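Here is what each chain is made of, one letter per residue.
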Amino acid sequence: MATAGVASSASINALRIRPCFQPSSKPKSLLSFSISTPSFLLLRSSSQSTSLSHPPSLLFHRSSDLRTKAAAAAAPMASSSLPYERELAVAKKAASLAARLCQTVQKALLQSDVQSKSDKSPVTVADYGSQALVSFVLEKELQSFSLVAEEDSGDLRKDESQETLKRITKLVNETISSDGGYNISPLSVEDVLTAIDRGQSEGGPHGRHWVLDPIDGTKGFLRGDQYAIALALLHEGRVVLGVLACPNLPLASIGCPHQPSLQNEVGCLFSARIGAGTDMQLLDGSSAPTKVYVTAIENPSEASFFESFEAAHSMHDLSSSIAKKLGVQAPPVRIDSQAKYGALSRGDGAIYLRFPHKGYREKIWDHAAGCIVVTEAGGVVTDAAGNPLDFSKGKYLDLEKGIIVTNQKLMPVLLNAVQDAVREQSQAASTL
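Residues numbered from 1 in each chain as written. Predicted model: local features only at pLDDT ≥ 70, side-chain atom pairs only at ≥ 80, totals over all residues. Heavy atoms only, no water.

Colleague: For this particular structure, what's the right way to read the pattern of salt bridges?
Modeller: Between side chains of opposite charge, pairing is possible as soon as their charged atoms come close. For the coordinates displayed, the defined rule picks out 19 salt bridges. Sharing partners across several salt bridges, the network here consists of Arg86, Lys93 and Glu141. (Salt bridge = Lys/Arg side-chain N within 4 Å of Asp/Glu carboxyl O.)

Written out as structure tokens, the structure is:
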């Protein structure tokens, strides 16, 4: 097993994910199919695939004023003819601000011995603080909105949680003040509680609904490894934009450790808007956004796959069976959170497999942002039966067994392997 996290550079260097793209190489277009393709595969235009001839890392242009430009891009914009452009800028601003608070909390966490998610633990403070900040930005920029989010203020209103609430309020105000973008009086504890409770929408098939996971990957957060602030927008039940703020994900590809200029750059912001592709930039705003694309690998034996770090989150034995059927040689890369979606969108790996244990229901905030980040980069996201994920049914996803993510070339053969492995697992269970 291989892992990827903020404190695992040695294991990252040892990973055999994929060869680094060379500037002179140009992979085949994602549009060329050699086998029958299921009807759900939505093809992207060939013009959106041509930039694959250069690695994403080579497309970053640095200058002294990039931070200013990035900040300006995240500021409220005038009405635009491009659909969801202003909303995407707002989402990037909200996720980046929430990530700043989370980084502050995690830095303090790593100097402590907290090991569990209890009411007063740092991850609880970061969870609530992140949600409050995202809600605050949406309210300031959009005024009226619907937000489907993971947390509510119920526990924070209890007498025993008042010290935690004061700490959250202090952190939220310090983060807003450090940003300098909002000239307001400090928020009260009641303001923070109200902001958190704006996230109680049920979502659904009509209208617009923002979807937030304030900290996806809480166990990774506690270990000092990968986590993500994941924010997406649904319109009439369809994901139309998504942002993943991944504070501990290296800018350099996990599969390409030999990029000295980028090796120490950590913290990525992925953003995607329907029909506009996927961008990646440094989370601190010091690099310009650049387009990223999923890998063009066609041979399953050359592929590598991501899966959840925690065995409690996904059935690793089923993933292993699928990998054997595909002839995958590389070990699985186990990463917390939707950072997996971000890494896959830029070609770090070829496959992401997630098979929750029986009885678990996937929530829309665990996949909405990651799904569009991958699909706009040229990938495909389905359940184990090959059905697209349906985010229109409220807070939960109704899935057939699990979630699989890959590029368009590998999806048909991956689906066959998944369905064979699932069938064998069911037959074996029925004989017990």
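Let's pick the thread back up.
Colleague: Even after reading the chapter, I still don't get the nonpolar core, so can you show me in this structure?
Modeller: Buried together is how nonpolar side chains tend to be arranged in soluble globular proteins. Within the largest apolar cluster, 53 residues are counted, with the highest numbers of intra-cluster contacts made by Val172, Trp210, Phe221 and Ile229. Ranked by residues supplied to this core, first place goes to helix H3 (residues 85–109) with twelve residues. In this structure Trp210 touches Glu87, Ala91, Leu138, Leu142, Phe145, Ser146, Leu147, Val148, Leu231, Ala232, Leu233 and Leu241, once residues within four positions along its chain are discounted. Of all hydrophobic cores here, the second largest spans 42 residues; its members include Val211, Trp365, Val373 and Ile403. (Core = buried A, V, L, I, M, F, W, Y, C linked by side-chain atoms within 4.5 Å. Buried < 20%, exposed > 50% of the residue type's maximum accessible area, 1.4 Å probe, protein only. Helix = DSSP H or I, 4+ residues; strand = E, 2+ residues; numbered from the N terminus. Contact = heavy atoms within 4.5 Å.)

Colleague: Would you explain the sheet that holds strand E2 (residues 147–149) in this entry?
Modeller: Strand pairing in a sheet takes place through backbone hydrogen bonds and is either antiparallel or parallel in direction. The seven strands lie next to each other as E2-E3-E4-E5-E6-E7-E8, forming an open sheet whose pairing is mixed. Single-partner strands in this sheet number two, and they are E2 and strand E8 (290–292). Strand-to-strand twist in this sheet, taken as the mean axis angle between neighbours without regard to direction, amounts to 20 degrees. As judged from the three bridges shared by E2 and strand E3 (residues 208–216), these two strands associate in the parallel manner. For Ala149, the partnering residue across the bridge sits in E3 and is Leu212. Helix-sheet contacts for H3 involve E3, strand E4 (228–235), strand E5 (238–250), strand E6 (266–273) and strand E7 (278–282), and the interaxial angle to E5 is about 30 degrees. The strands that helix H10 (residues 368–375) touches are E3, E4, E5, E6 and E7; relative to E5, the one it contacts most, it runs at about 95 degrees. (Pairing = 2+ DSSP bridges. Axes fitted to C-alpha atoms, helices over the stretch in contact; angles between N-to-C directions.)

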